[in-house]
Amino acid sequence: GGSLALKKRATPRYTYGWKRATILAAFINAVLLLIALGALGWEAIDRLLAPAQAVQEQGKVIMVVAGVGILINALTAALFLRGSKSDLNIRGAFIHMAADAMVSAGVVVVGGLTLWVSWSWLDPVVSLIIAVVILLTTLGLFKQSVHLLFDGVPDGIDSKAVHDYFLSHPDVSSIQDLHIWAIGTTQTALTVHLIMPERYPDDAFFQKVNHYLHDNFEITHVTIQVNRQALANACGV
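Computed from a predicted model, the values in this text were never measured in an experiment.

What counts as what
Residue numbering note: each chain is counted from 1, following its sequence as written. Only residues with pLDDT of at least 70 get local features here, since the model is predicted, and only at 80 or more are side-chain atom pairs given and counted; chain-wide, interface and lining totals rely on the full set of residues. The side-chain quantities take in all heavy atoms of the structure and omit both hydrogens and water. Strand pairing follows a simple DSSP-based rule, namely that at least 2 bridges must link the two strands. Elements are defined by DSSP. Helices are runs of H or I of four residues or more, strands are runs of E of two residues or more, and each kind is numbered from the N terminus. The convention used is that axes are lines fitted to C-alpha atoms, helices contributing only their stretch in contact, and that angles between N-to-C directions extend from 0 to 180 degrees. Here a residue-residue contact requires only that any non-hydrogen atoms of the pair lie within 4.5 Å. What a helix should span is 1.5 Å times the count of its residues minus one. Three labels apply to residues, based on accessible area from a 1.4 Å probe with only protein chains included: buried if under 20% of the type maximum, exposed if over 50%, partly exposed otherwise in between. Within this scheme, the nonpolar core is defined by two criteria: the residues are buried Ala, Val, Leu, Ile, Met, Phe, Trp, Tyr or Cys, and they are joined through side-chain atoms within 4.5 Å. Surface patches are drawn from residues lacking salt bridges whose relative accessible area is over 30%; two like charges belong together within 9 Å, two nonpolar side chains (Val, Leu, Ile, Met, Phe, Trp, Tyr) within 5 Å. Note that accessible areas follow from Shrake-Rupley with a 1.4 Å probe, and for residues the cover is restricted to the protein chains shown. Salt bridges are counted wherever a side-chain nitrogen of Lys or Arg sits within 4 Å of a carboxyl oxygen of Asp or Glu.

**Q** Could you give an account of the sheet that holds strand S1 (residues 174-182), with specific residues and numbers?
**A** With respect to topology, 3 strands assemble into an open sheet ordered S1-S2-S3, the strand pairing being mixed. Across the chains shown, the open sheet's two edge strands, defined by having one partner strand only, are S1 and strand S3 (221-227). Mean inter-strand twist for the sheet, computed between neighbouring axes without regard to direction, equals 10°. In the packing of helix H6 (residues 159-167) onto the sheet, the strands contacted are S1, strand S2 (188-195) and S3, and the crossing angle to S1 comes to about 145°. Sitting on the sheet, helix H7 (residues 203-217) touches S2 and S3, and the angle it makes with S3 is about 140°.

Following this line, the structure appears as structure tokens:
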């Protein structure tokens, strides 16, 4: 925990630190899972089309490999459990490890049935079902990580609601350059230009806005620029 926190600290060159590494880790994890699922599906189809052979040996191998998988995934999930309450990336990893442990337990049962009833098609069919189930969750992880890598507004934040909140202040006539993006999997940043022709806000205004954005949208890094007139070179809201 300490070394990871040290790597995330801001430096003059990396002013946000290495917080985005958590998003990149989620993306790489999703890509590797998709590749592994493709290999699993291909192998399952190949076994399904192949003639029945060495069923007893297949069942033994399945049970041994899955048993090792249960142990590794359960231990890994336990390590992730403590941090799963505060970090979305860790929470996702915990869910995946726990699910993999349960899947491995199911595979042990399949291996036992293969030894008992000698159904050569049972293992590849169950492998395909497992691949599809994991694929559905992995696609969500992949989509969300790509979305955050391209500075998309994090899930759970309504950008229109944030836009309307700024405009609800009587002294704000319009806003420009509202941007909301994820610094990492646990922190969100916001920048905005407020057009306030009548007066420049005091510190109490900025404190109120920061508290509201934090409490209602979990936005932790807020930068506000105030102008009396709209900027001609603004890039839009």
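The structure having been displayed, the exposition proceeds.
**Q** Got a sec to walk through helix H5 (residues 122-149)? Specific residues and values, please.
**A** The end-to-end C-alpha distance of H5, which contains 28 residues, comes to 40 Å, matching closely the 40 Å that a straight helix rising 1.5 Å per residue would cover. Taken together, the buried positions of H5 are Leu122, Asp123, Pro124, Ser127, Ile130, Ala131, Ile134, Thr138, Leu141, Ser145 and Leu148. Aspartate 151 lies just past H5 and shows a positive phi near 60°.

**Q** Describe the nonpolar core, with residues and values.
**A** Side chains of a nonpolar character, in soluble globular proteins, are inclined to be buried together. Membership of the largest hydrophobic core comes to 21 residues, with the highest contact counts inside it found for Val162, Phe166, Leu190, Leu194, Leu213 and Ile224. Breaking this core down by element, the ones donating at least two residues are H6, S1, S2, H7 and S3. Of all the elements, H7 adds the most residues to this core, at 5 residues.

**Q** Explain a nonpolar patch on the surface to me, using residue names and the numbers behind them.
**A** There is a patch of nonpolar side chains on the surface, built from Leu24, Ile28, Leu32 and Ile35 and spanning about 380 Å² of accessible area. Mapped onto the elements of the fold, leucine 24 is located in helix H2 (residues 21-49).

**Q** Give me the lowdown on the environment of leucine 194, citing residues and values where you can.
**A** Mapping leucine 194 onto the fold places it in strand S2. The buried category is assigned to leucine 194, whose relative accessible area is 0%. For the pair formed by leucine 194 and serine 173, sequence separation is 21 residues and the distance between their alpha carbons is 7.9 Å. For leucine 194, the contacting residues outside a window of four places in its chain are Phe166, Val172, Ser174, Ile175, Phe205, Ile224, Gln225, Val226 and Asn227.

**Q** Tell me about the environment of leucine 178, residues and numbers included.
**A** In this structure, leucine 178 sits in strand S1. Residue leucine 178 is classed as buried on the basis of its relative accessible area of 9%. Spatially, the C-alpha atoms of leucine 178 and valine 162 are 9.0 Å apart, while their sequence positions differ by 16 residues.

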